[in-house]
Amino acid sequence: MNITMLYSKLHRATVTEANLNYVGSITIDQELLDAAHMRVGQKIEIVNINNGERFATYIIAGERGKKEMCLNGAAARKVHVGDKIIIIAYASMTEEEAESYEPKIVILNDDNTIAQQYRGLQ
């Protein structure tokens, strides 16, 4: 049997852009994707801390070092520039894998630079 578990998350990211006219997804700085072990095309869930919205989309890589966090397409209606969001990736694991897996947590500063990184839940 497989169980869906937290794989990684980017915590308290700041929305830098909301582009209604782009074809779906979220654009995330490649440096942040690497830090959180997230992949282009991966399904993720987004939680908007400011308004409580919770929705799913997929990842597009942004320019490394730009600190971009841009919601595209219909998802752009769920946020405003400056909102704080949590980006959550899940993975399907066997029960044995889930017993020992420690998710990668990346906490961000207001400017989307990395404030802290660790493994596991605290």
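As shown above, the structure is provided for reference.
The model shown is predicted, which means the values in this text are computed figures rather than measured ones.

J.: Help me out: how do you make sense of the nonpolar core in this one?
T.: The nonpolar side chains of a soluble globular protein tend to be buried, and buried together. The biggest cluster of nonpolar side chains holds 27 residues, and the ones touching the most others in it are Leu 10, Ile 26, Ile 28, Met 69, Leu 71, Ile 85 and Ile 87. The set of elements that each furnish at least two residues to this core consists of strand 1 (2-14), strand 3 (26-29), helix 1 (30-36), strand 4 (43-48), strand 5 (54-62), strand 6 (69-72), strand 7 (84-94) and strand 8 (104-108). The element best represented in this core is strand 7, accounting for five residues. Grouped together as the second largest cluster of nonpolar side chains are seven residues, Val 47, Ile 88, Ile 107 and Tyr 118 included.

J.: How should the environment of Ala 115 be read in this particular structure?
T.: Tracing the backbone through its elements, the reader meets Ala 115 in strand 9 (residues 114-119). A C-alpha to C-alpha distance of 19 Å links Ala 115 and Tyr 7, two positions 108 residues apart in sequence. Filtering out sequence-adjacent residues up to four positions away, Ala 115 remains in contact with Ile 107, Leu 108 and Asn 109.

J.: Which parts of the structure should I look at to understand a negative patch on the surface?
T.: Taken together, Glu 95, Glu 96, Glu 97 and Glu 99 make up a surface patch of like negative charges. Accessibility expressed as a relative area gives 40% for Glu 95, which makes it partly exposed.

J.: Honestly, the pattern of salt bridges in this entry has me stumped. Any pointers?
T.: Side chains that differ in sign of charge can pair as their charged atoms come close. Inspection of every chain in the model, using the stated rule, returns six salt bridges. In this structure, Glu 45 and Arg 54 form a salt bridge, with 3.1 Å as the shortest nitrogen-oxygen distance.

J.: Looking at this structure, how should I read the pairing of strand 8?
T.: Where a strand is regular, its side chains alternate between the two sheet faces. When you tally the buried positions in strand 8, you get five out of five residues, the bulk of the element. The alternating pattern of strand 8 places Lys 104, Val 106 and Leu 108 on one face and Ile 105 and Ile 107 on the opposite face, and all of these are buried. As judged from the five bridges shared by strand 8 and strand 9, these two strands associate in the antiparallel manner. From the neighbouring strand, Leu 108 faces strand 9, where its bridge partner is Ile 114. Linkage of strand 8 to strand 9, two consecutive antiparallel strands, is achieved through a turn of five residues, within which Asn 112 is found at a positive phi near 65°.

J.: Teacher, can you tell me more about the packing of aromatic side chains here?
T.: Geometry of an aromatic ring pair is reported as the spacing of the ring centres plus the angle between the planes. This model, assessed by the stated rule, comprises one aromatic pair. Relative to Tyr 101, the ring of Tyr 7 lies with its centre 5.7 Å away and its plane at 5°, an arrangement referred to as stacked. With Tyr 7 in strand 1 and Tyr 101 in the loop between helix 2 (95-100) and strand 8, this residue pair connects regions lying 94 residues apart in the sequence. By relative accessible area, Tyr 7 is classed as buried at 18%. The exposure class of Tyr 101 is partly exposed, given its relative accessible area of 27%.

About the cut-offs
Residues numbered from 1 in each chain as written. Predicted model: local features only at pLDDT ≥ 70, side-chain atom pairs only at ≥ 80, totals over all residues. Heavy atoms only, no water. Core = buried A, V, L, I, M, F, W, Y, C linked by side-chain atoms within 4.5 Å. Buried < 20%, exposed > 50% of the residue type's maximum accessible area, 1.4 Å probe, protein only. Helix = DSSP H or I, 4+ residues; strand = E, 2+ residues; numbered from the N terminus. Contact = heavy atoms within 4.5 Å. Patch = residues over 30% accessible without salt bridge, like charges linked within 9 Å, V, L, I, M, F, W, Y side chains within 5 Å. Areas by Shrake-Rupley, 256 points an atom, 1.4 Å probe, with all protein chains shown as cover. Salt bridge = Lys/Arg side-chain N within 4 Å of Asp/Glu carboxyl O. Lys, Arg positive; Asp, Glu negative; His and termini not counted. Charge placed at Lys NZ, Arg CZ, Asp CG, Glu CD. Pairing = 2+ DSSP bridges. Phe/Tyr/Trp six-rings, centres within 6.5 Å; stacked < 30°, edge-to-face > 60°.

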